Amino acid sequence: MRKLYLAFPKCGTLSHKLSWSHYYEILKADNNLEINFYVKQVEKENWSVRELKRQMKSMLFHRLALSKDKEGVLQLAQQG
């Protein structure tokens with residue numbers, strides 16, 4: 001609960017599109033930039049919790065950060 005408060009200090013920043021299970025998985029991320037990235041991606045792509053876990057396990061955020069072809073990485077992530 002403390003980490004949730006620190007990541008989202010204002011309750012208005014919580015998305016009503018995400019479930020508590022989404023937040024539970026997202027808060028396993030290391031830094032706020034990564035947390036914000038996954039929140040935006042879940043909202044934009046309507047990922048299930050299972051899909052979110054798969055993307056986090058495949059380190060999508062880190063692959064995008066290191067990649068020169070960001071669009072290509074996102075397309076591969078969407079295809080599975």
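Just so you know, these numbers come straight off a predicted model, no measurement behind them. (Residues numbered from 1 in each chain as written. Predicted model: local features only at pLDDT ≥ 70, side-chain atom pairs only at ≥ 80, totals over all residues. Heavy atoms only, no water.)

(A) Just the side chain of Gln-41, in detail. Looking at the element boundaries, Gln-41 is found in helix H3 (residues 32-45). Judged by relative accessible area, which is 10%, Gln-41 ranks as buried. (Helix = DSSP H or I, 4+ residues; strand = E, 2+ residues; numbered from the N terminus. Buried < 20%, exposed > 50% of the residue type's maximum accessible area, 1.4 Å probe, protein only.)

(B) Structural view of the packing of aromatic side chains. Under the defined criterion, the tally for this structure stands at 3 aromatic pairs. Between Trp-20 and Tyr-23, the aromatic rings sit 6.2 Å apart at their centres with planes inclined by 55 degrees, giving tilted as the arrangement. Note that Trp-20 and Tyr-23 are positioned in helix H2 (residues 20-26) at a spacing of 3 residues, about one turn of the helix. Owing to a relative accessible area of 59%, Trp-20 belongs among the exposed residues under this scheme. Taking relative accessible area as the criterion, Tyr-23 reaches 3% and is therefore assigned buried. Here the aromatic rings of Phe-37 and Tyr-38 are separated by 5.2 Å at their centres, their planes lie at 70 degrees, and the arrangement is edge-to-face. Note on accessibility: Phe-37 and Tyr-38 belong to one class, buried. The structure contains a cluster of three or more aromatic residues connected by ring pairs, namely Phe-37, Tyr-38 and Phe-61. (Phe/Tyr/Trp six-rings, centres within 6.5 Å; stacked < 30°, edge-to-face > 60°.)

(C) Here's a closer look at helix H4 (residues 49-57). What H4 keeps buried is the set Leu-52, Gln-55 and Met-56. The buried residues of H4 occupy one face: seen down the axis, they fall within an arc of 100 degrees. The outward face of H4, more than 90 degrees from its buried face, is lined by the exposed residues Arg-50 and Lys-57. Met-59 lies just past H4 and shows a positive phi near 60 degrees. (Arc of directions from axis to C-beta.)

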